[in-house]
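Residue-level listing of the chains:
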Amino acid sequence: MELTPIAHIRSDFSEKFGIPRQSGLVEELTAAVVFEPEYRDPSALRGLEGFSHLWLIWEFSRSRGWSPTVRPPRLGGNKRLGVFATRSPFRPNPLGLSCVRLVEVRQDRALGPVLVVAGADLMDGTPIYDVKPYLPYADCKPDAVGGFAAQPKGADLTVECPPALLDRVPEDKRAALVAVLAQDPRPQYQDDPERVYGMAFAGLEVKFRVAGERLTVTEIV
């Protein structure tokens, strides 16, 4: 079977570091699904506006090779589990699956129909292979068991960002940035209060330190 990207995502993340580890964790994040020219026929999206959420099937385009066991970040990177028991990118077929909220179907003069979505966990430029509507009666399983990730990972950190630095962030991106930082973008096994981390976000470089449960933004350029 040959797969051809039907679209690419446009998001605020030019690098992997900082991207939420699951879709829907940061609802403040918005992204755009931009279709390839041959799929910009508005009739292909007819009826989609009636759904609140979508499934995106996409490619881990920066992943190379696969491993039968991986170290899930949720377990601190200290325990190996089978790759098929995780959502690791190191898979035989590097396909990702994300549930996102459909904000709007926007008609763009140059790009045709564009899907604006919230809660996406995709890097900018990620190829998308399919879009499917989320069906609550079929896709929602209230009695499902979540294994080692049964409970959602909440916002762990209190974020402190001096107003002068936050002013450098576009106003419509500030809440999303703070929410992403509160999720603790660091690898789970790192805990060095003196280390300065750098995260690319919305064309900016955001630098921060973490001590205990407090994240302090030190620079935004």
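Bear in mind the structure is a predicted one, so any value in this text is a computation, not a measurement.

Engineer: Now, about the packing of aromatic side chains: what can you tell me, with residues and values included?
Structural biologist: If you walk through the whole model with that rule in mind, you get five aromatic pairs. Considering the side-chain rings of Tyr197 and Phe208, the 5.5 Å spacing of their centres and the 20 degrees angle between planes classify their relative orientation as stacked. On the criterion of sequence distance, the pair formed by Tyr197 in strand E10 (residues 197-201) and Phe208 in strand E11 (residues 204-211) is long-range, its members being eleven residues apart. Each member of the pair, Tyr197 as well as Phe208, is classed as buried. Taken together, the ring pairs in this structure connect Phe17, Tyr197 and Phe208 into an aromatic cluster.

Engineer: Can you break down unusual backbone geometry residue by residue, with the values?
Structural biologist: A positive phi angle, near 70 degrees, is found at Asp184, a position not held by glycine. Here Asp184 is to be found in the loop between helix H3 (174-182) and E10. The phi dihedral of Ala202 is positive, around 55 degrees, even though this residue is not glycine. Summarising the element assignment, Ala202 is placed in the loop between E10 and E11. The class of Ala202 is partly exposed, set by a relative accessible area of 25%.

Calculation notes
- Residues numbered from 1 in each chain as written.
- Predicted model: local features only at pLDDT ≥ 70, side-chain atom pairs only at ≥ 80, totals over all residues.
- Heavy atoms only, no water.
- Phe/Tyr/Trp six-rings, centres within 6.5 Å; stacked < 30°, edge-to-face > 60°.
- Helix = DSSP H or I, 4+ residues; strand = E, 2+ residues; numbered from the N terminus.
- Buried < 20%, exposed > 50% of the residue type's maximum accessible area, 1.4 Å probe, protein only.

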